[in-house]
Amino acid sequence: TMSSNDKSEIGHYVVTAHPSGSVLSAVQCSFLSANSLDVVIAKSTRIEIRQYQPPPSDDNYDGGTIDNNNEDRFPLLLTLPINGRISSLSPIRFTNSSKDCLFFTTERGGYALISYDEQLAKIQQSSGSGSSSAVLSHSSPTKKKKKSDNDENDDAATASDSIIGEHYPIRTHASGSLTNYSTSVIAGGRRAECGPLAAVDPLHRCIALHLYDGFVTVIPIHRGYDINTPRPNAENGGGGGKQPPRGMTSTKPFGDAFHTRIEQRTVLSMTFLKTHPTRSTYIPQLALLYQDARGFQHVISHGIELSKKCMVLYGSTAAANTNSQDAIEIDGKPAASIMPPPGEQLKKSRIEGGSAMLVSVPPAKTAGGGTKATALGGVLILGQRQITYHSTAEGATKVLPIGQALLLSCCPVVEKEGSSSSSGDEDMLRYLLGDETGRIHLLVVGRKGGLVANLHFETLGTASVSSALVYLGSGMVFVGSQFANSQLVQILDNPVPVSAVSNSESEESKDGANPLEETTYLQTLEEYTNLGPIVDFDLRPTGDESKDDSVGTNNYRQSVVVTCSGVAKDGTVRLVRNGVGMKEQAEVEMEGIKGMWSLRRGFDEQDDTFLVQSFVRETRILGVQSSKDLEMDGSTDMDDDDEEEEGGALAEVTIGGFNSSKSTLFAGNVSVGGADLLVQVVDDSVRIIDSATLEMVTDWSPFRGGDDESDDDEPMGFITVASSNECGQIVVALRGGTLVYLVVENKDSKPAIRKIKSVTLEREISCINLRPFESTSTSSDDSMDVDGNGTSLGMQRSQLVAVGLWDDFSVRFLDLNESSNTLGQLLRINLGRSVDANIGNDVEEQATDSGQHMMARSLCLVTMESQSTNSTSAVNNSTSSSNKVDMLFVGLGDGKCISFGVSQPEFSSDEWLVHSRKEVSLGSQGIHLVPFQHGARACVLATGDRPTIIYLTGGNSGSNSNPKLCYSTISLTVEDDDEDEGHASHRNISVNVATPFRSSLLFSSTNKNTSSLCVADENTLRLGMIDDIQKLHVTSYKLGMTPRRIAHHEAGRVYCVGCIGGAGESAQIGGEANMGNCVRFFDDSTFEEVNRIDLEPFEMILDVASVTLCTSPNSSGENYKPFILIGTAYSYPDEDEPSQGRVLVVECNSGESGNLKSDAEDEMVTRCVRHVTQMPTRGGVYSITPFYGGTLMITVNSKTHLCKLTLGDNEIGELKLVGAGHHGHMISLYCKSLAGERSSKGGNSRGKQLAIVGDLMRSISLVEYLPKHQVIEELARDYNSNFCTSIEMLTDNIYLGSENFANLFVLRHNADAPSEEARVRLDTIGEYHLGEMINTMKLGSLVMPSSSGGTSSAKSDNKSKSDKSEGSAVEVVVGSQTLFGTVDGTIGSIMGLGGSTFAFLGCLQRAIFAVVRPVGDLSHERHRHYEADGRVRPSRGFIDGDLVECFLDLNRPTMERIVKWMNDDGRWRIRDDGSGVSGQSQQNLMDTEEDDTSDSPAQNYLTVEDVLTAVEEISMLH
């Protein structure tokens, strides 16, 4: 029998939370269009296309600071996921094409040739895949929807079917696997040690690949191939690489690949020699840099005879061949292809050791002095101590000694205008080189008279350690890095001091920079986040743990991921947090705020002046005052924290026209007829105030009766709710359910309020909203002549008002058109999710809802906009496209937020409709919705115990995706160092009321992508700035050295970081890397270094852990204390395996103890790190994990031990081994248990005390500690040979592991199996190829746990009025959540899935395989195959979350085809609880809904909305 926790681990869902930022390679070509210069960047399993867009003043740059506008300078236009890890990337241009194609290979031997399909991009754009009709991945409701589902096969000839399965505007011309061409190579060959290597002939005749030692694979290129062949109709859909490549009806771009044998075994680099494009008749010449068995390095060239499919080795000759279809044409006639004479064939022996790269140099131009120019160029050999230029044809060899540096990257410097050659017989070639320390060098090859005259080498400055360099023109360089952030760098004309261009955040890293470099030619303009390599990470909780005990293993706290990233000088600690950060600028205690509004003194002003605060029986106003005014008036209420800014503060002021003795219901700015007015609504009147004099000019009261044009003069009740907009439209709700529509007029320069009409509803009104839609509203001077012509441009008049009632689970749209005398109902929206949202006047129909009857507390009408440079629209015109969507948001009293897309009537006979219903739980308190502008984007703030910003996204990250809603929680950032409370750097807050507040005096930032808010809870009013709104935010702290291990000590409020020294001047090649290692302690809020422990020589840090230990033998709770434990090993050069190590026990207080010293100068005295004890070990301490009973388990070399700490009266501790340890491993690298998770939740182990041990070679073993005998006993093991890189214990019986071939595997222990043989074996229930090597995994989550504990029911949202489809609900059941970090900088999440959820997502995954065509036609199933040590098995037990969630971005016809495939397949109905089919029939595993046979056909078929809702639900859990 399976436990309840194990039933949530039937399958596992792997999804990326933060994509890889590690740049493997980058090239520049014209990929998107003929005239574009695009930078194509390979990042792990993704291809990114960017374009550099120079500023207008680029040519006149004077070396000063350039304004940085994030992605404006180097925008991301397109992102392409690849089914394989990219190993090489090369552009290829065919003779009759003006655009470049991309040829790339993967590490598993796959290859593809792709090009950008502008025609398909236009079809996708015109079909509405990015328009408002597909917003939120839902379509607008249509009455013919069911018919289109039934008759879908008859619509194959329609235009929409041309994009079925086409998600990316990419055409695949060729694809395949290089390992399929020769089985003999695979059988006898070994993968290249320095490979795979790739090179493309400069004349695009062939491609050479070095995949196996002793072999070169050659792919001939048909240069006459036409990439613009008509695209056939895709009526059969895509198909995961199973369909033949399209566009190849007449010819193929490639010939048949062939393998050729070479004598050189260890090939380090290879390139094709460049030949003269019109004079050369030589066959392709492939130059190889190789190393022989004695360690000497040589360069040699071979010819490739394409017609004979062979390699012509050095020294041989080849007969002329004119029959080849790829022969070079001279003067329009094919010329003979021959091998160069032996005297011109390239060869150079005994070059400098340490050389790692060959760079081909084009042949010299014809010299003016009559010197004959060569037709074959030479090569640059980049070594560690010298750079060599060699050309056998020229008979020249030039050697340039350089300082010791390992050169990693190279790119030519070519301006867009053409060659940079000078006049006469002299030309210059320039190359940028990047070395291992991050320095960028300029190499100049000077030639004169056709020969190389000199080599010049100059260091420009220091940037990130580059793996790829791309020169963009005008001195701009893209620096791609695997070990640090990628950068956009400008080369200055004149050197400037390093301090003038260094960023403020990099001040701490000056120790890691070269002290000799006082000036630099480089200025970093932009940085692009790269977390790789993530060596280790820990989780820092930011949210409170849920009190719901029923959640079980789902009960995780929202955490910040703290990573060890980077190498050497680029070593950093990164904080990765989910949500939006609000940097606190000011804070004051102020209780009882019930509402807040911001007012501008002048309507056209940008800054707000007044902050109106409503209390129970009064209204207070804070005004912005400058510093000069504050010097004269000391009554300052809130000071700005940024003292260096001139700025000002908020002080309490009075507005004469405001009624301060009553609670304000609404306040805002109004502009009518050129008059700037303020409006205040209290319970007995609507007051209009002149913004210049601040005196009341007119008012309206419900107790004074009507005006001249009103039909009734009877007094009405008190005002309960009010709303207004800037055009002067006011709607107030009175007691008794009466709604009154008022308009502010400006007759003869005298403002007045006129009552237009009113209506009485059946219930009391709870909330109203009058905000106009941008797309559906009308300008104010068109609808009402009384407003005159003074309306500001951009002001809009609302056509409707949204109304919510008490005890009514619906929202109504009422008509504000003055053609009718009453506020007629345009639409009534049912907030339930099992019936149609668009209902008529049938009040009883809402009773069919699923039991949720929480009424609306807040409404918000807003036009959301997602600005994007989408690949389908912006690549040709460089203009931003935007998706505007009219939205209705409804905040409920139980913390839920419901959103709808609103469709306006196109004709007068049409009706208002809502669609795309989405319900999200944002906490447990009632929600108030506040719209605000973040730059040019409209966002909505939802208040509550988990304040959340709602915004629209889609395409703004470069992917061709549909616009969809995103929800990001707000975390507060406090940077006040003067207080002793020790605020966390990022902590969650609750918000009761909020309002946007913009002031250049209070907030110093001028970035257009920031906004400022005023928020208040029960006791505190805060002013803060919102940073960039995105899902994940990364904060970087530079170390100047390589971080290796990290742990967050919550009790001491510190990060403990184990670092590898030698980042400064001692970081030399061959230097001692074991000197200067240390453990550094940083404050977790300010990141100031609290303490530092220097380790002994040759002592390496292996693990750091924060644990709570029991310090007394009786295990009483009073004696539990938190400690930091550090495991080390002495790595002596003469030892293969460490023989010595130690465990350090450290205690760190937080400075918050009951110490009487509270002065600022004594703070560092109370904040200390105390060394408690240490324990020497006979080997390296590889892993430390907390165990049951306040003990800990450690692994020392091949042994596993249990340890216990005892403290004496003098606080001197002693760490001892308990009982006998466990032996039987090669090297026990990892140890994990669930004791830490359970102790943090207040639980204790009543059953077995289990742990798992990960071995270097022998996979995972399950061990149990027997307290009675004090023995660690092995219960079971995995008998597969997995080289573990990380492990995690999900439940007592389910274990997760990763190994060095970038695979994931899941093991299960059958503790209740009847046979002993089954009980001692860990069964493999899941295998999956991730594509990136995982360094560490930890249980936890980046997002706030949902109120339902991770289990939610994603109900159907059908547009029919019947609720027959309620039975087709897709239940999303999630178990454990594990975060992982990879070498390439990816942070991902692995979630356990229940049986029914796994069956549904598995069916969806197979449907996407079958329908959606992948980039390059590379098979997704082949990509995810589990391969290790020659074992190849299909993936099982895992769901690719990135693939599943791409369903949200597909076009509507593709979605419908996928859902039809799922319904035809039927396996999504499986309800498997993990117990298998023994004892139950196959029929019982299917959800057949036998209770109602008449409705079973409707209940057993999915709709697009069902799938969308389920995928959206699971996408919000990570």
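Structure first, text after, so check above.
This text gives an overview of the structure that appears in the document.

Conventions used here
- Residues numbered from 1 in each chain as written.
- Predicted model: local features only at pLDDT ≥ 70, side-chain atom pairs only at ≥ 80, totals over all residues.
- Heavy atoms only, no water.
- Phe/Tyr/Trp six-rings, centres within 6.5 Å; stacked < 30°, edge-to-face > 60°.
- Buried < 20%, exposed > 50% of the residue type's maximum accessible area, 1.4 Å probe, protein only.
- Helix = DSSP H or I, 4+ residues; strand = E, 2+ residues; numbered from the N terminus.
- Lys NZ or Arg CZ within 6 Å of the ring centre and 35° of its normal.
- Core = buried A, V, L, I, M, F, W, Y, C linked by side-chain atoms within 4.5 Å.
- Contact = heavy atoms within 4.5 Å.
- Expected span 1.5 Å × (residues − 1).
- Pairing = 2+ DSSP bridges.
- Axes fitted to C-alpha atoms, helices over the stretch in contact; angles between N-to-C directions.
- Salt bridge = Lys/Arg side-chain N within 4 Å of Asp/Glu carboxyl O.

**Describing the packing of aromatic side chains**
So, point 1. Scanning the model with the defined rule gives 18 aromatic pairs in all.
So, point 2. Where F103 meets Y111, the ring centres are 6.0 Å apart and the plane angle is 40°; that geometry is what we call tilted. Considered together, F103 and Y111 belong to a single accessibility category, that of buried residues.
So, point 3. Here F703 and F718 contribute two aromatic rings whose centre-to-centre distance is 4.7 Å and whose plane-to-plane angle is 65°, an arrangement assigned as edge-to-face. With F703 in the loop between β45 (696–700) and β46 (719–724) and F718 in the loop between β45 and β46, the pair connects residues that are 15 residues apart, well separated along the chain.
So, point 4. Pairwise contacts between aromatic rings join Y1037, Y1055, F1082 and F1087 into one cluster.
So, point 5. Across the ring face of F537, the terminal group of K1338 is positioned such that the distance to the ring centre comes to 5.5 Å.

**Let's talk about the environment of P963**
So, point 1. Mapped onto the elements, P963 comes out in the loop between β61 (948–953) and β62 (964–973).
So, point 2. The class of P963 is buried, set by a relative accessible area of 0%.

**Details of the nonpolar core**
Side chains of a nonpolar character, in soluble globular proteins, are inclined to be buried together.
So, point 1. Counting residues in hydrophobic clusters, the biggest one holds 43 residues, and the most contacted among them are V14, I1260, L1296 and L1304.
So, point 2. Apart from the residues lying within four places of it in its own chain, the contact partners of L1296 are I1260, S1286, I1287, E1288, L1290, L1304, F1305, V1306, M1337, T1378, I1390 and F1438.
So, point 3. Residues V1372, L1404, I1408 and I1458 belong to the second largest nonpolar core, which totals 37 residues.

**Points about helix α10 (residues 1395–1411)**
So, point 1. Counted at 1.5 Å a residue, the expected span for α10 with its 17 residues is 24 Å, and the 24 Å between its end C-alpha atoms agrees.
So, point 2. Within α10, 14 of the 17 residues are buried, leaving the element largely enclosed by the surrounding structure.

**Focus: the sheet that holds strand β86 (residues 1303–1309)**
So, point 1. With antiparallel pairing, four strands are arranged side by side in an open sheet as β84-β85-β86-β87. Single-partner strands in this sheet number two, and they are β84 (1284–1289) and β87 (1322–1329). Mean inter-strand twist for the sheet, computed between neighbouring axes without regard to direction, equals 20°.
So, point 2. Of the strand pairs in this sheet, β86 and β87 are connected by seven bridges, and their pairing is antiparallel. When the sheet's bridge partners are listed, L1304 is paired in β87 with Y1328.

**A word on the sheet that holds strand β13 (residues 258–261)**
So, point 1. Strand order in the open sheet formed by four strands is β10-β11-β12-β13, with antiparallel pairing between adjacent strands. Each of the sheet's edge strands pairs with one partner strand only, and the pair in question is β10 (197–200) and β13. With direction set aside, neighbouring strand axes in the sheet form an average angle of 25°.
So, point 2. Relative to β13, strand β12 (residues 215–220) is paired through four bridges, and the arrangement is antiparallel. Of the residues in β13, the one forming a bridge with V216 is T260.

**Here's the deal with the pattern of salt bridges**
So, point 1. This model, assessed by the stated rule, comprises 48 salt bridges.
So, point 2. Between K1232 and E1288 there is a salt bridge; the shortest N-O distance is 3.0 Å. One end of the pair, K1232, is in strand β80 (residues 1228–1232); the other, E1288, is in strand β84, and 56 residues separate them in sequence. The same class applies to K1232 and to E1288, which are both buried.
So, point 3. Ionic pairing is found between R1436 and E1327, a salt bridge with its closest N-O pair at 3.5 Å.

**Side note on the pairing of strand β47 (residues 729–734)**
So, point 1. Counting buried residues in β47 gives six out of six residues, a clear majority hidden from the surface.
So, point 2. Neither face of β47 is left uncovered, since the one carrying Q729, V731 and A733 and the one carrying I730, V732 and L734 both have all their residues buried.
So, point 3. Relative to β47, β46 runs antiparallel, the two sharing five bridges. Following the sheet pairing, A722 is matched in β47 by V732.
So, point 4. Turn length for the β46-β47 hairpin, with the two strands adjacent in sequence and antiparallel, is four residues, and the turn residue G728 shows positive phi of about 95°.
So, point 5. Bridge count between β47 and strand β48 (residues 738–747): six bridges; the pairing is antiparallel. Directly across from V732, in β48, lies its bridge partner V740.

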